[in-house]
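Understanding the architecture of this molecule
Here are the chains, one letter per residue:
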Amino acid sequence: MPQVFVGIGSNIDRANHIRTAVKELRKVNERVVLSSIYESPAIGFDGDNFYNLIATYESDAPLQEILDELFELERRHGRVRGINRFAPRTLDLDLLLYGDLVRHDEQVQIPRPEITQYAFVLKPLSEIAPALRHPVSGLTFHELWGQSGIKNQNIWPVKLEIF
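First things first, this report covers the structure right here in the doc. Only a predicted model underlies this, so the values are computations on that prediction, with no experimental measurement involved. (Residues numbered from 1 in each chain as written. Predicted model: local features only at pLDDT ≥ 70, side-chain atom pairs only at ≥ 80, totals over all residues. Heavy atoms only, no water.)

1. Some points on the overall build of the chain
Keep this limit in mind: Only runs of H or I of at least four residues qualify as helices and only runs of E of at least two qualify as strands under DSSP, and these elements are numbered from the N terminus. Only C-alpha atoms enter the radius of gyration; for comparison, a globular chain is expected to reach 2.2 Å times N to the power 0.38, where N is the number of residues. Contact definition: two residues touch when any of their heavy atoms are within 4.5 Å. Here Asp and Glu are counted as negative and Lys and Arg as positive; His is not counted, and neither are the chain ends. Each charge is placed at NZ for Lys, CZ for Arg, CG for Asp and CD for Glu.
A count of helical and extended segments in the chain gives five helices and eight strands. When the helices and strands of the chain are read in sequence order from the N terminus, they spell out β-α-β-β-β-α-β-β-β-α-α-α-β. The C-alpha atoms of the chain give a radius of gyration of 15 Å, which matches the 15 Å a tight globule of 163 residues would have. Each of the three principal axes of the chain carries a C-alpha extent, and together these read 35 × 35 × 35 Å. When contacts within the chain are restricted to residue pairs at least 6 apart in sequence, those whose partners lie at least 24 apart make up 65%. Looking at the chain, you have 18 positive and 22 negative side-chain charges, and the mean spots of the two groups are 4 Å apart.

2. Describing the environment of Thr20
Cut-off, in case you're wondering: Between buried and exposed lies partly exposed: a residue is buried under 20% and exposed over 50% of the maximum accessible area for its type, with that area taken using a 1.4 Å probe on protein chains only. Here a polar contact is recorded for every N or O atom pair within 3.5 Å, except that within protein the pair must consist of a potential hydrogen donor and a potential acceptor, and residues adjacent in sequence are included only if both atoms are side-chain atoms.
Within the secondary structure layout, Thr20 lies in helix H1 (residues 14–28). We classify Thr20 as partly exposed; its relative accessible area is 25%. Separated by 43 residues in the primary sequence, Thr20 and Leu63 have C-alpha atoms spaced 23 Å apart. Polar contacts involving the side chain of Thr20 include one to the side chain of His77, which spans 3.4 Å.

3. Side note on the nonpolar core
What counts, and what does not: We call a set of buried residues a nonpolar core when its members are Ala, Val, Leu, Ile, Met, Phe, Trp, Tyr or Cys and they connect through side-chain atoms within 4.5 Å of each other.
If you look at the biggest cluster of nonpolar residues, it comprises 27 residues, and the most contacted ones within it are Val6, Ile8, Leu25, Ile66 and Leu95. Elements supplying a minimum of two residues to this core: strand E1 (3–10), H1, strand E4 (50–58), helix H2 (63–76) and strand E5 (92–98). Considering every element that reaches this core, the biggest residue donor is H2, with five residues. Membership of the second largest hydrophobic core comes to 18 residues, among which are Leu97, Ala129, Phe141 and Ile155.

Now the structure itself:
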């Protein structure tokens, strides 16, 4: 059964959207494991800071079904996808990893390139899956974080109770 890793972010009513997204993910799989929550400035636009974390769980659902569930969850939270990728959002759910699948085409980018581009993705991923290997580089997420030049990006942990 593939291990699924989902990046969760919000910069509009952050605490509420993060809590309800986690609650809804736990309806899909009650054994969801969460990283710490990190706050970081918006990247690519002027906007409020984001809260970001990583959720992981095992799923036997097909890839497209998981993607559809994540898009539907975003939609229920008022997320409107458009041509402006860099904009405030109520909820941003990115499927980062689906087992060891490597697929880069017009519909799917797995593993997501953001894993090695942004500290708010790689840091929590290295926290909850340090020994897991990146399906392309073969390095563990702990090794990737240790070697990364993105460690200097401005992120900091946030205390937020998730029920």
